[in-house]
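Remarks on the overall topology
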Amino acid sequence: MTTLTFDSLNPATGEVVGSHPKQGVDAVRAAVGRAEEAGVWWAGLGHAERKRRLLDYKAVITQHLRELVKLVHEETGKPVGDATLEIVLAITHLDWAARNAHKVLGRRRVSTGMIGLNLAATLEYLPLGVVAVIGPWNYPVFTPMGSIAYALAAGNAVVFKPSEFTPGVGVRMAELFAESVPERPVFQSVTGLGETGAALAADPRVKKVAFTGSTATAKRVMAACAENLTPIVAECGGKDAFIVDADADLQAAADACLWGAMSNAGQTCAGVERVYVVDAVYESFMRELSERVTKVKAGEDYGPITMPGQVDIIKRHIDDATKSGKVVAGGPGSVRAPYVDPVIVEDVPEDSPAVREETFGPTITVRRTRDAQEALELANTSAYGLGGTIFSRNARRAMELARMMHTGMTAINSVISFAGVPALPFGGVGDSGFGRIHGADGLREFARPKAISRQRFAMPGMNLTSFARGPVEVERLIRLVTLLHGRRKR
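Quick look at the structure, then. Since this is a predicted model, take the numbers as computed values, not measurements. (Residues numbered from 1 in each chain as written. Predicted model: local features only at pLDDT ≥ 70, side-chain atom pairs only at ≥ 80, totals over all residues. Heavy atoms only, no water.)

It is worth spelling out unusual backbone geometry at this point. A negative phi angle characterises most non-glycine residues, just as the trans form characterises most peptide bonds. Here the bond from A337 into P338 is cis, since omega is 10 degrees, no more than 30 degrees from zero. Positionally, P338 belongs in the loop between β13 (335-336) and β14 (339-340). The phi dihedral of D347 is positive, around 55 degrees, even though this residue is not glycine. Among the structural elements, D347 can be located in the loop between β15 (343-346) and α11 (353-356). For N413, which is not glycine, the phi torsion reads 55 degrees and is therefore positive. The topology assignment puts N413 in the loop between β19 (411-412) and β20 (429-430). (Helix = DSSP H or I, 4+ residues; strand = E, 2+ residues; numbered from the N terminus.)

This is the structure we're talking about:
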């Protein structure tokens, strides 16, 4: 029987990087079956043994760092430096998950309160079983590892479906894991197109799906999961805002803004797409930004557009923005597939596609605002709510703005820095999705809380959960509750 295959291509050259099988429903079911058995063994190892193996996996990835960097570079087209940074961050997250899983998820005693004085109570977080991870192509190691590492550390088996644009990276990650955990197929990859991911999400033995991709695709994945009431954590992109306050360090702000918007060819879910600058420093900031953007080159500082279909979306947004706004850099001619040169446009209407829809390219819109409050209000009008940035020298003011920004994450005087802090949860609100990866919340996302109460002794005269309970016991309960909770606070 002939196995159908598909090729992963270098988006910069069109050359074939590798060929991989289009795994169908039967192959996916077989992988989930193997994972289900392996997961029982993996969960039974306990935190200490899982930690040892995951730290060894971290060392194996590190030893193969250059090989993985080359593969990421070939499949995505991104520069070697960017690929290196991505994998290094993934390594730090794997390390954190392995070292902190027991502290976050392990059994601990909790207070029972006065009413439960005769009880002992414990809380722990137990593995779910099989976790399906459906990964993206823009950060094919860092993003899925944010789910894979934390799911494994929580005691689950993982079946990973990498993007069809970067399948080789996903396959290699699973192969390297087998060097550290050769006993059972705890972490497997399955390759294919959309049908493969759909089969994985629909398998009733999958206990949670971690998805990264567009909002539209997330809705389809959720529909498949709904058939089995399978929970899902979804990270669906963003339209992140960058606010420059009146007292900001303008050189640092312009540098961060440009990198946040243009790095990885703008193909970053938490990248900068909308910029709001307070009137008092608008002209000065734009001079800084305009001077710096002339030095950023597509094909040198960042790579090509990885997914060919995205070029049409980027072009549509640029065409629309330049018809109504003022061009600062680039324009319609910036699109020379597979590359897109930097584009900056001022005064684009807030209801235009370039401001409302995710562009996922090296473009930004810039708008002048009266003050930081207006900038915040405009930033919060987006249906997306993933990340954002505040530049201000006033630490208190910056913190207030960051807290009021309607996003899951905000960076102050830096850009996308929250992604590099393993202890911080990563995720959004609104059309950016729900649930969290990374940090303690990321570990709990892939575990189920287990609450246990144990009666240590019988409470004399206070057996409240019995049909033998009489008026005397009820009166004692009323007196106790009144003593504990009846005093008003004024």
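Scanning all chains against the criterion turns up 9 aromatic pairs. The interplanar angle of 35 degrees and the centroid separation of 6.3 Å between the aromatic rings of W96 and Y150 together place this pair among those described as tilted. Placement of the pair is W96 in helix α3 (residues 80-105) and Y150 in helix α4 (residues 142-153), with a sequence separation of 54 residues. Take W96 and Y150: they sit in the same class, and that class is buried. When the centroid spacing of 5.3 Å and the interplanar angle of 20 degrees are considered together, the rings of F242 and F391 count as stacked. (Phe/Tyr/Trp six-rings, centres within 6.5 Å; stacked < 30°, edge-to-face > 60°. Buried < 20%, exposed > 50% of the residue type's maximum accessible area, 1.4 Å probe, protein only.)

Attention now goes to helix α12 (residues 372-379). In terms of residue burial, α12 counts as a mostly covered element, since 6 of its 8 residues are buried. Among the residues of α12, those classed as buried are A372, E374, A375, L376, L378 and A379. Tucked inside the fold, the buried residues of α12 contact β10 (240-244), β11 (272-278), β16 (363-369) and α13 (395-404). Of the residues flanking the start of α12, the one acting as N-cap is D371, its side-chain oxygen 3.2 Å from the backbone nitrogen of Q373. (Contact = heavy atoms within 4.5 Å. Polar contact = N/O pair within 3.5 Å; in protein donor to acceptor, adjacent residues only side chain to side chain.)

What follows concerns the packing of helix α1 (residues 25-63) against α4. Direction vectors running N to C along α1 and α4 enclose 140 degrees, while the axes themselves pass 8 Å from each other. Judged by residue contacts, W42, H47, R50, L54, Y57 and I61 of α1 engage M145, L152 and A153 from α4. Here the contact of α1 with α4 is built from residues that sort into 7 nonpolar, 1 polar and 1 charged. (Axes fitted to C-alpha atoms, helices over the stretch in contact; angles between N-to-C directions. Nonpolar A, V, L, I, M, F, W, Y, C, P; charged D, E, K, R; others polar.)

Together, M114, I115, L117, F457, V481, L483 and L484 make up an exposed nonpolar region whose accessible area comes to about 630 Å². The topology assignment puts M114 in the loop between β3 (108-110) and β4 (119-127). (Patch = residues over 30% accessible without salt bridge, like charges linked within 9 Å, V, L, I, M, F, W, Y side chains within 5 Å. Areas by Shrake-Rupley, 256 points an atom, 1.4 Å probe, with all protein chains shown as cover. Salt bridge = Lys/Arg side-chain N within 4 Å of Asp/Glu carboxyl O.)

Okay, helix α5 (residues 167-180) next. Its 14 residues place the ends of α5 21 Å apart at the C-alpha level, agreeing with the 20 Å of an ideal helix rising 1.5 Å per residue. Buried residues of α5: P167, G168, V169, G170, V171, R172, M173, A174, L176, F177 and S180, and no others. (Expected span 1.5 Å × (residues − 1).)

Two elements in contact, α3 and α4, have axes whose closest approach is 9 Å; the angle formed by their N-to-C orientations is 15 degrees. Classed by the angle they form, the pair α3 and α4 counts as roughly parallel. α4 is crossed by α3, and the crossing has right-handed handedness. Taking contact as the criterion, the partners of E86, L89, A90, H93, L94, W96, A97, A98 and A101 in α3 are, on α4, F142, M145, A149, Y150 and A153. Partitioning the contact of α3 with α4 into residue classes produces 12 nonpolar, 1 polar and 1 charged. (Parallel < 35°, antiparallel > 145°, perpendicular 65-115°, else oblique. Left-handed = near helix turned anticlockwise from the far one by under 90°.)

What follows is about the side chain of T363. Residue position: T363 is located in strand β16. The class of T363 is buried, set by a relative accessible area of 10%. Setting aside chain neighbours within four positions, we find T363 in contact with M262, V272, E273, I314, I318 and V343.

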